[in-house]
Amino acid sequence: MDLVLPDFGLLFWTGLVFVILLFLLTKFAWKPILGMVNAREEKISEALAQAERTKEEMKALQAQNENLLKEARAERDAMIKDAKETASSMVEEAKSKAKEEAEKLLVSARETINAEKAAAITELKTQVAAISLEIAEKVVRGELSSDDKQTALAQKLAEDINLN
Amino acid sequence: MTISAKFNALILTVLTVLVAGFTYANHHEAGHEMTEEHHEVDATHGEAKEFKVDEMIMHHIKDAHEWHLWGGEHDGTSIYLPIIILDEGLKMFSSKHFYHGETKTAVDHATHEELHYIAGVGPAEGYAMFHEKIYKLENGELAFEDGHAHGERVTDFSITKNVAALFLSALVVMLLMFSTAKYYKKNGAVAPRGLAKFTEPIILFVRDDIAKANIDEHKYKKYVPYLLTIFFFIWISNLLGLIPILGSNLTGNISVTLFLAVCTLLVTVFSGNKAYWGHIFWMPGVPVPMKIFMMPIELIGVLTKPFALMIRLFANITAGHIIILALISIIFINKNIAWGALSVPMALFISVLELLVAFLQAYLFAMLSALFIGAAVEEHHH
Amino acid sequence: MYGSIAAIGAGLAVLGAGLGIGRIGGSAMDAIARQPEASGKIQTAMIIAAALVEGVALFGVVVGLLGNAK
């Protein structure tokens, strides 16, 4: 029977010990522990939020980067195109210039040749005329060296004239 | 917890069946003992005593003024705990003066049976101890009627075995929690390591699954320290009680569970709001005669809830101790190796089961306390 | 003699508790099978209900103990 009857002494000690235990644990254990756990939980959730924010920022930054990259690429493409154009135009120009020059050279060469030719021809003509004159002189001299010959010639000429 | 939940039903059934089985066996032995008593008394000074299982078990699960370690009742080793009594001033002396006192025999006035009690010697002179209770001797005698001593009881504040165990479990809980708190104080709000890694999940379990789950979200914080204290005190006491030799049936003592249940009752009553009391004294939504009829029923309900808490913890832990002791006793009753081979694994099985029950009962006590408090502070919306 | 009567009483209490806890366990199993995601809540509710039934059975055991102790 006394198994289920409370004992006053033990009841007293239980009460005393439990109340002291409750007080001490609340003050020196539960409050610091739960406080720290709460602080940690807050820290963790804050860190998570921070991570989320950073992620967003990273995303924005990445988009920005992409844009920049795109721009840069476009710029580069434009530059390359420009350079190519310039180069090709320069080549073209050089080519045309060279052609022109060649043409000019050709023309001047031709002119020179023509001039030379003309000069040569003129010279040749004068030379031929001189030579012809000389020959003619010599021939004439020979023809007219005797009276017979002069008479024959005059006769022949007179025959050629032959008053028709 | 998951496994425990699934096997809970099975376990509890096994437990109750075993208790019932033992109750019978115990009685069988008790009847036997009655006839053998005379023989046993004569034998105390001579040859080996007959082993009496119910006496041994009752001796172990009840409170005592000594901490019996090993050996027999008279030649064994015990720690004699201090006795503090209030009788014309505070008196304090070692319980040695009782246990090494003078065994006296008295005849029961009603049944004419011979009963034995111990009269104290030295500083305990003038007091007698019968079944661990201290009485004042009248003319050097203690009278008995119907097996009960009829002497004047003195107020006993002794540091009994259970009180010592109470100090021990309070100390263990404090050591455990203070070192956890120290860890956080030293390291700040960081992830737990070492001891804190073990205690923190349990603390958070009590906070989240017991307090937060049952009490209104804005009000639960106030009750967390109480629930934590009650949970850890019961759990550690239950576990310490299971240690052989060093264990004491602390939470299987009705005084302890009574106090804890009264605490829960007081917390519930003092935190009860208008709606809670309204539901008890003037149940809304029912006709007036019914309201009057419901009032006493609801009032009794307020008391039966903590009463059930008290009985549940007491009966579970006591039953556990009884089963383990009874299984071990099988060896000494039969004095046979084969029975030993059977009883030791069974006792081991029940011991392991008791580890689970130790946690389960602490959890249930805290859980139901939280449930009652939660019902008391709940805001009703009609 | 009263000891044996107490034992019968305890046995009856066990019978009731066994039936009650068995039903709770069975229903909990059904519920978990239907809604495995709610198993945590069901287990908690099951333990509380089982503890309440078991508490009643333990009243029986205590009465049995009382009978035992005269």
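Residues numbered from 1 in each chain as written. Chains lettered and ligands numbered in written order. Predicted model: local features only at pLDDT ≥ 70, side-chain atom pairs only at ≥ 80, totals over all residues. Heavy atoms only, no water.

### A word on the interface of chain B and chain A
The interface is formed by 50 residues belonging to chain B together with 35 residues belonging to chain A. Summed over both sides, the interface between chain B and chain A buries roughly 3,800 Å², with carbon and sulfur atoms accounting for 80% of that surface. Three residues stand out in chain B for area buried against chain A, namely Ala189, Thr229 and Phe259 of chain B, and they jointly supply 15% of the buried area on that side. Here chain B and chain A share two salt bridges between them. Between Glu200 of chain B and Arg40 of chain A there is a salt bridge; the shortest N-O distance is 2.8 Å. Here chain B and chain A share six residue pairs in polar contact (both at pLDDT 80 or more) between them. Every element with two or more residues in the side of chain B that touches chain A is listed here: helix H2 (53-61), strand E12 (155-156), helix H4 (161-187), helix H5 (195-214), helix H6 (224-241) and helix H7 (254-271) of chain B. Sort the elements by how many residues they give to the side of chain B that touches chain A and H4 of chain B lands first, with twelve residues. In terms of residue class, the side of chain B that touches chain A is built from 35 nonpolar, eight polar and seven charged. (Contact = heavy atoms within 4.5 Å. Buried area = accessible area lost by both parts, 1.4 Å probe. Salt bridge = Lys/Arg side-chain N within 4 Å of Asp/Glu carboxyl O. Polar contact = N/O pair within 3.5 Å; in protein donor to acceptor, adjacent residues only side chain to side chain. Helix = DSSP H or I, 4+ residues; strand = E, 2+ residues; numbered from the N terminus. Nonpolar A, V, L, I, M, F, W, Y, C, P; charged D, E, K, R; others polar.)

### Here's the deal with the nonpolar core
Core analysis: the largest hydrophobic core is formed by 96 residues, its most contacted members being Met177, Ile210, Leu227, Phe231, Phe232 and Leu260 of chain B. It is helix H10 (residues 337-377) of chain B that provides the largest number of residues to this core, a total of 14 residues. Filtering out sequence-adjacent residues up to four positions away, Phe232 of chain B remains in contact with Trp30 of chain A together with Val173, Met177, Ile202 and Ile203 of chain B. (Core = buried A, V, L, I, M, F, W, Y, C linked by side-chain atoms within 4.5 Å. Buried < 20%, exposed > 50% of the residue type's maximum accessible area, 1.4 Å probe, protein only.)

### Quick word on H6 of chain B
Over its 18 residues, H6 of chain B runs 25 Å from end to end, which matches the ideal 26 Å to within 8%, given 1.5 Å per residue. Burial runs high along H6 of chain B: 17 of the 18 residues are buried. (Expected span 1.5 Å × (residues − 1).)

### Comments concerning the sheet that holds strand E6 (residues 114-119) of chain B
If you trace the five strands from one edge of the open sheet to the other, you get E5-E6-E7-E8-E11 (chain B), paired in antiparallel fashion. Lying at the two open borders of the sheet, with one neighbouring strand each, are strand E5 (102-107) and strand E11 (152-153) of chain B. (Pairing = 2+ DSSP bridges.)

### Focus on the packing of aromatic side chains
Under the criterion given, the structure shown has 24 aromatic pairs over all chains. Between Phe18 of chain A and Phe259 of chain B, the aromatic rings sit 6.0 Å apart at their centres with planes inclined by 70°, giving edge-to-face as the arrangement. Of this pair, Phe18 of chain A sits in helix H1 (residues 8-143) while Phe259 of chain B sits in helix H7, each in a different chain. In terms of burial, Phe18 of chain A and Phe259 of chain B fall into one category: buried. (Phe/Tyr/Trp six-rings, centres within 6.5 Å; stacked < 30°, edge-to-face > 60°.)

### Focus: the environment of Ala33 of chain C
Residues and elements named next belong to chain C. As for its placement among the helices and strands, Ala33 is situated in helix H1 (residues 2-34). According to the relative accessible area criterion, Ala33 is exposed, its value standing at 62%. Separated by 19 residues in sequence, Ala33 and Val14 have C-alpha atoms that sit 28 Å apart.

### Details of the packing of helix H9 (residues 288-334) of chain B against H10 of chain B
All names here are of chain B. Between H9 and H10, the shortest axis-to-axis distance is 9 Å and the interhelical angle comes to 175°. One way to sum up the angle between H9 and H10 is to call them roughly antiparallel. Each residue belonging to the contact of H9 with H10 can be placed in one class, and the counts come to 20 nonpolar, eight polar and three charged. (Axes fitted to C-alpha atoms, helices over the stretch in contact; angles between N-to-C directions. Parallel < 35°, antiparallel > 145°, perpendicular 65-115°, else oblique.)

### Some thoughts on unusual backbone geometry
All names here are of chain B. In the Ramachandran plot, His112 falls in the positive-phi region, its phi being about 60° despite a non-glycine side chain. Looking at where His112 falls in the secondary structure, it is placed in the loop between E5 and E6. Judged by its relative accessible area of 60%, His112 falls in the exposed class. In this structure, Ile245 is a non-glycine residue whose phi angle is positive, near 70°. Its place among the elements puts Ile245 in the loop between H6 and H7.

From the geometry alone we can't say anything about function, so treat these as descriptive.
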